[in-house]
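Residue-level structural notes
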Amino acid sequence: MTEAVQTSSSFTPRVFSGIQPSGDLHLGNYLGAMKRFVDMQETGIETVYCMVDMHAITVWQDPEKLRHATRELCAGFIAAGIDPAKSILFNQSQVPEHAQLAWIFNCVARMGWMQRMTQWKDKAGKNAQNASLGLFAYPALMAADILIYHATHVPVGEDQKQHLELTRDIATKFNHDYGVDFFPITEPVIEGAATRVMSFRDGSKKMSKSDPSDASRINMTDDADTIAKKIRKAKTDPEGLPSEAEGLEGRPEARNLVNIYAALADTSVDAVLKDVGGKQFSEFKPILSELAVEKLAPISGEMARLMQDTSEIDKILDHGAERARAIASPILKKTYEIVGMVGA
Ligand code: ATP
Ligand code: MG
């Protein structure tokens, strides 16, 4: 089986990405990640998408809520357009090779590299001594998620850029230390008008599942009234909208709403401003709400429908995990051989 594992620098293109079942999916996850996962699925490249439950538990998760969030995330993927027959769709903990490769990478990555990670600093905050060891090691597991598939491209939001750089550093060091050309140097794919959707309450913070304020984000499961209310209350400045992108300089809240509109409408910021330049937020916000509802309502409706039969979701995840393991298992075996583990 190992003969099938690629060991040269010409790797077949393969896309991998993951989302944590750490809370409600939000507009940032949709625009920065999921919507673009669907675009990649349609290019015909092999696509592998994962619910990363082992990342979610790096901070406390109530077990019942985690189970629910994992299934709802799977429903979200499918409702957004991921076809489990085309893409490999699965749950991380069902493919133990991720954790096994992560251990090897824990021994490749350096403490100094991990300490520089801004997500670690943001999430551990001032209370780093009390944060879990898993939260610190998170990026090594993420590198394993990607490299256990020899993935060449990873679509993510802007916030994950640094972790992707670390993944490249880990691959480079592994290849160098063992004198092999085994792991690809993966490319991050950070594209589109909404690679960093900001909180509706604070234009300097990204929209996040883990933000304690529900008003900071639009959840994929919010109804039309809630979406409209959250957009109406979103923090803005008193100026009207500019006619050109330069006019958004130094106005993070205004930029955020225009970026969201452009990403939802599949157009550019310049094209949006051509239409709405000169309008006040009191006029623009209802237009944005209407578009957000139009795009999100069918997805949340489909998610709710899929969640009525969780046994079907579990079947999809079981099947996805089997397909994922068929790729991951020989790559892990080859890694063990390279490292010198007996019996690999
Ligand atoms: P948490 O707060 O628990 O870390 P999260 O909202 O950051 O959750 P993740 O599961 O960590 O979501 O990230 C899933 C994907 O969504 C990643 O590709 C990430 O880059 C992207 N993403 C997350 N937040 C945003 C955002 N505000 N704008 C654009 N993309 C985002
Ligand atoms: Mg995150």
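Structure first, text after, so check above.
Throughout what follows, the structure given in this document is the object of discussion. (Residues numbered from 1 in each chain as written. Chains lettered and ligands numbered in written order. Predicted model: local features only at pLDDT ≥ 70, side-chain atom pairs only at ≥ 80, totals over all residues. Heavy atoms only, no water.)

1. Some points on the packing of aromatic side chains
Short version of the rule: Any two rings among Phe, Tyr and Trp, with Trp reduced to its six-membered ring, count as a pair given centres within 6.5 Å; such a pair is stacked if its planes are under 30 degrees apart, edge-to-face if over 60, and tilted if neither. The way it works is that DSSP assigns letters per residue, a run of H or I at least four long becomes a helix, a run of E at least two long becomes a strand, and they are numbered from the N terminus. Only protein chains enter the area calculation, which uses a 1.4 Å probe; residues under 20% of their type maximum are buried, those over 50% are exposed, and those in between are partly exposed.
Under the counting rule described, the total for this entry stands at 12 aromatic pairs. Pairing Phe37 with Tyr49 gives two aromatic rings, centres 4.6 Å apart and planes at 10 degrees, and the pair type is stacked. Of the two residues, Phe37 sits in helix α1 (residues 27–41) while Tyr49 sits in strand β2 (residues 46–51), which places them 12 residues apart along the sequence. Residue Tyr49 is classed as buried on the basis of its relative accessible area, which comes to 0%. For the pair Tyr261 and Phe284, a centre-to-centre distance of 5.8 Å together with 45 degrees between the ring planes defines the contact as tilted. Linking Tyr261 in helix α10 (residues 252–264) with Phe284 in helix α12 (residues 281–306), this pair joins segments that are 23 residues apart in sequence. Here a set of aromatic residues connected by ring pairs shows up, and it is made of Phe105, Phe174, Tyr178, Phe182 and Phe183.

2. Section: the side chain of Gln119
For clarity, the cut-off: Pairs of N or O atoms are called polar contacts if they sit within 3.5 Å, as long as, within protein, a hydrogen donor faces a hydrogen acceptor (for residues adjacent in sequence, only side-chain-to-side-chain pairs). Contacts: residue pairs with any heavy atoms within 4.5 Å of one another.
Along the polypeptide, Gln119 turns up in helix α6 (residues 118–124). Within the structure, the side chain of Gln119 is placed 3.2 Å from the side chain of Gln160, a separation counted as a polar contact. Setting aside chain neighbours within four positions, we find Gln119 in contact with Ala124, Tyr138, Gln160, Gln162 and His163.

3. Here we look at the side chain of Ser17
Tracing the backbone through its elements, the reader meets Ser17 in strand β1 (residues 14–19). Judged by relative accessible area, Ser17 falls into the buried class, the value being 2%. The residues contacting Ser17, other than those within four sequence positions of it, are Phe37, Val48, Tyr49, Cys50, Val154, Pro155 and Val156.

4. Here's the deal with the packing of helix α4 (residues 97–106) against helix α7 (residues 133–147)
Put simply, the test is: Inter-axis angles, ranging from 0 to 180 degrees, are taken between N-to-C directions of lines fitted to C-alpha atoms, where helices are fitted over the stretch in contact. An angle below 35 degrees is read as roughly parallel, one above 145 as roughly antiparallel, one from 65 to 115 as roughly perpendicular, and any other as oblique. What makes a crossing left-handed is the near helix being turned counterclockwise from the far one by less than a right angle; a clockwise turn instead makes it right-handed. Put simply, Ala, Val, Leu, Ile, Met, Phe, Trp, Tyr, Cys and Pro go in the nonpolar bin, Asp, Glu, Lys and Arg in the charged bin, and everything else, Gly too, in the polar bin.
Viewed as axis vectors pointing N to C, α4 and α7 meet at an angle of 125 degrees, and their least axial separation amounts to 8 Å. When the axes of α4 and α7 are compared, the pair comes out oblique. Two packed elements cross with a definite hand, and for α4 against α7 that hand is right-handed. The segment α4 lies against α7, with His98, Ala99, Leu101, Ala102, Phe105 and Asn106 engaging Ala137, Ala140, Leu141, Ala143, Ala144, Asp145 and Leu147. Its residues placed into classes, the contact of α4 with α7 shows 10 nonpolar, 2 polar and 1 charged.

5. Observations regarding the site of ligand 1
For clarity, the threshold we go by: Note on definitions. A residue lies near a molecule or strand when any single heavy atom of the residue is within 4 Å of it. The method behind every accessible area is Shrake-Rupley, applied with a 1.4 Å probe, and residues are considered shielded solely by the protein chains displayed. We place a 1 Å grid over just the protein atoms. Points where a 1.4 Å probe fits but has no way out form a cavity, open points with protein on both sides within 12 Å along at least 5 of 7 lines form a pocket, and any residue with an atom within 4 Å of a point lines it. A molecule is counted as occupying a cavity or pocket when more than half of its atoms fall within 2 Å of that pocket's grid points.
Around ligand 1 sit 23 residues, and of these Lys123, Asp159, Lys206, Lys209 and Ser210 come closest. Note that an oxygen atom of ligand 1 is positioned 2.6 Å from one of the side-chain N or O atoms of His26. At a separation of 2.8 Å, an oxygen atom of ligand 1 approaches a polar backbone atom of Gly157. For ligand 1, whose accessible area on its own is 600 Å², the fraction buried by protein is 97%. Applying the majority rule of atoms within 2 Å of the grid points places ligand 1 in the largest pocket. The set of elements that each furnish at least two residues to the shell around ligand 1 consists of β1 and α1. The leading source of residues in the shell around ligand 1 is α1, at 4 residues. The class makeup of the residues in the shell around ligand 1 is 6 nonpolar, 12 polar and 5 charged.

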